[in-house]
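# Reading the structure
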Amino acid sequence: MDLATFHPFFLFVGVFQAVVAHVEPPINATLHCHNLHNVLKWSYDQLSPGLRFRINISAVLSLNGAPNVVWVDPPAEPPAEQQVDLSFLSDPSNEYLVTVTAVMGQNESISAPQDGIIFSYFKDSTEGLKCFVDFPPVNVTAQPGDTVLVRFTHPWLVYRHKLQKSKNTNPRSRRSSDAPLPVFHYDVMTTNQHYRWKCVERVCEEKLPVDSAQKKHCLTMSGELKKILVQGTQEYCVHPVEESPSYIVHICIVGILLLGSAVAFVIFMVYRKKTMPLTSLPNSMTFKSKVKQWTVGLVQETVSVPEVEATSPTPLLLTEENEFTATVTSTTEPELRLPIGVSTEDERVSDEVEVGNDEGPGYMQGSNFDEDEAPSGYESRPVLVEFAPGELAEGYRG
């Protein structure tokens, strides 16, 4: 059989195999790199069973242990966009080239994009995508004397874990917290000035002068850490501090007022002394005499004692004597009076003894008075006392 007669058949089979072997390439492949987080994204319309995506990685320098191929399986329910994390490609001293290819069994698509995606965290990279990290949070505080204080955390303390991971360094060195911090160079731009400093401390701070004529002080900041661009994402603004008036002014004002008051008081005393009359005031117009009158003029209380009438038929007091106030002390105990020298055995004598009335404790014996004294108002009554049978004597009862 002539093979030429089967030529159209073989031609058809070859064309059919070429159509089956063709795989559509991914579209819209892009890479996002920021803060040492790298994500490669792409789209694919027709997802078939057995379809996989291959990420090819190459670098200008050595990959330092990083893989050069990464396989990605599409999910069961594919989203509109496929993606893969490439954060381990963050060495600032290197440049990377990545492409994505659709693979179906032994067949594969062309790479997307065809020229690949070049990216690097090296701040002076001239090709591809230049990645950067954000400046740490900055605290700007207005200070007296037209200055502002800038404070922030050293960027190495923020990004060191990702940087150490991207370089695949020794785990022991990663845990070392006593290692010195790398030098961080940073720039601060104000409205009219540009400043550049470096920091090796955990907290970086600097004080810089600002224009006092500005109503608000705004700064922009950027820096470099291990050849990585550290870019500020905003302006850092602060209002100038309002200086309060000095206390020295207040003290001076108070001192002047006190001095003026003292001078005015002295002038008043001198004027009063010169205009005061030479004659002294009478005692009735002085305050001392008033106090004396008030003290002497107080009403004194008078104690009055009621008169006690005598129970004896004879007056106890002579009418010629001056009246006097007597103090009578009352007692609840009964008084026992016995006749002088009278024995209880002689009933006859006791019958003759006349017991006086209870006249109180004011009676006194007549023998206590002298002959020269004036006669007392008390009455002396004679009493006969028998000393022996047939012998009587006259006595007096007190």
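Here's what I pulled together on the structure shown here. (Residues numbered from 1 in each chain as written. Predicted model: local features only at pLDDT ≥ 70, side-chain atom pairs only at ≥ 80, totals over all residues. Heavy atoms only, no water.)

### Concerning the state of the cysteines
Applicable threshold: When the sulfur atoms of two cysteines come within 2.5 Å, that pair is taken as a disulfide.
The full count for this structure, using the stated rule, is three disulfides. The side chain of Cys199 participates in a disulfide bridge whose partner is Cys204; the two sulfur atoms lie 2.0 Å from each other. Between Cys199 and Cys204, the S-S torsion sits near -85 degrees, and that sign places the bridge as left-handed. Covalent S-S linkage joins Cys218 and Cys237, the inter-sulfur distance amounting to 2.1 Å. Taking the torsion about the sulfur-sulfur bond, which here is approximately 110 degrees, the covalent link between Cys218 and Cys237 counts as right-handed.

### Some details on the sheet that holds strand E12 (residues 147–153)
What links the strands of a sheet is backbone hydrogen bonding, and the strands pair in either a parallel or an antiparallel sense. This is how it is decided: We call two strands paired when DSSP finds no fewer than two bridges between them. Only DSSP runs of H or I reaching four residues or more are called helices, and only runs of E reaching two or more are called strands; each is numbered from the N terminus. The axes are straight lines fitted to the C-alpha atoms, using for helices just the contacting stretch, and the angles between their N-to-C directions are given from 0 to 180°.
Ordered by their spatial adjacency, three strands build an open sheet running E11-E12-E15, and the pairing between neighbours is antiparallel. For this open sheet the edge positions go to strand E11 (138–143) and strand E15 (203–209), each flanked by a neighbour on one side alone. Across the sheet, the mean angle from the axis of one strand to that of its neighbour is 20 degrees, orientation sign disregarded. Two strands pair when backbone bridges link them, and E12 and E15 are joined in this way by seven bridges, in the antiparallel orientation. Residue Phe152 lies in a different strand from E15, and its bridge partner there is Cys204.

### Some remarks on the pattern of salt bridges
Selection rule: A pair is scored as a salt bridge if a Lys or Arg side-chain nitrogen falls within 4 Å of a carboxyl oxygen belonging to Asp or Glu. For the exposure calls, accessible area comes from a 1.4 Å probe over protein chains only, and a residue counts as buried if that area is under 20% of its type's maximum, exposed if over 50%, partly exposed in between.
The final tally for this structure, using the stated rule, is six salt bridges. For Glu108, the salt bridge identified is with Arg54, shortest N-O distance 3.0 Å. Linking Glu108 in strand E7 (residues 107–108) with Arg54 in strand E3 (residues 51–59), this pair joins segments that are 54 residues apart in sequence. The class for Glu108 is partly exposed, based on a relative accessible area of 43%. Given a relative accessible area of 15%, Arg54 falls into the buried group. Across the pair Asp124 and Lys123 runs a salt bridge, and its minimum N-O distance is 3.1 Å. Overall, the relative accessible area of 43% leaves Asp124 in the partly exposed class. For Lys123, a relative accessible area of 22% translates into the label partly exposed. Linked through salt bridges whose partners overlap, the residues forming this network are Lys123, Asp124 and Glu224.

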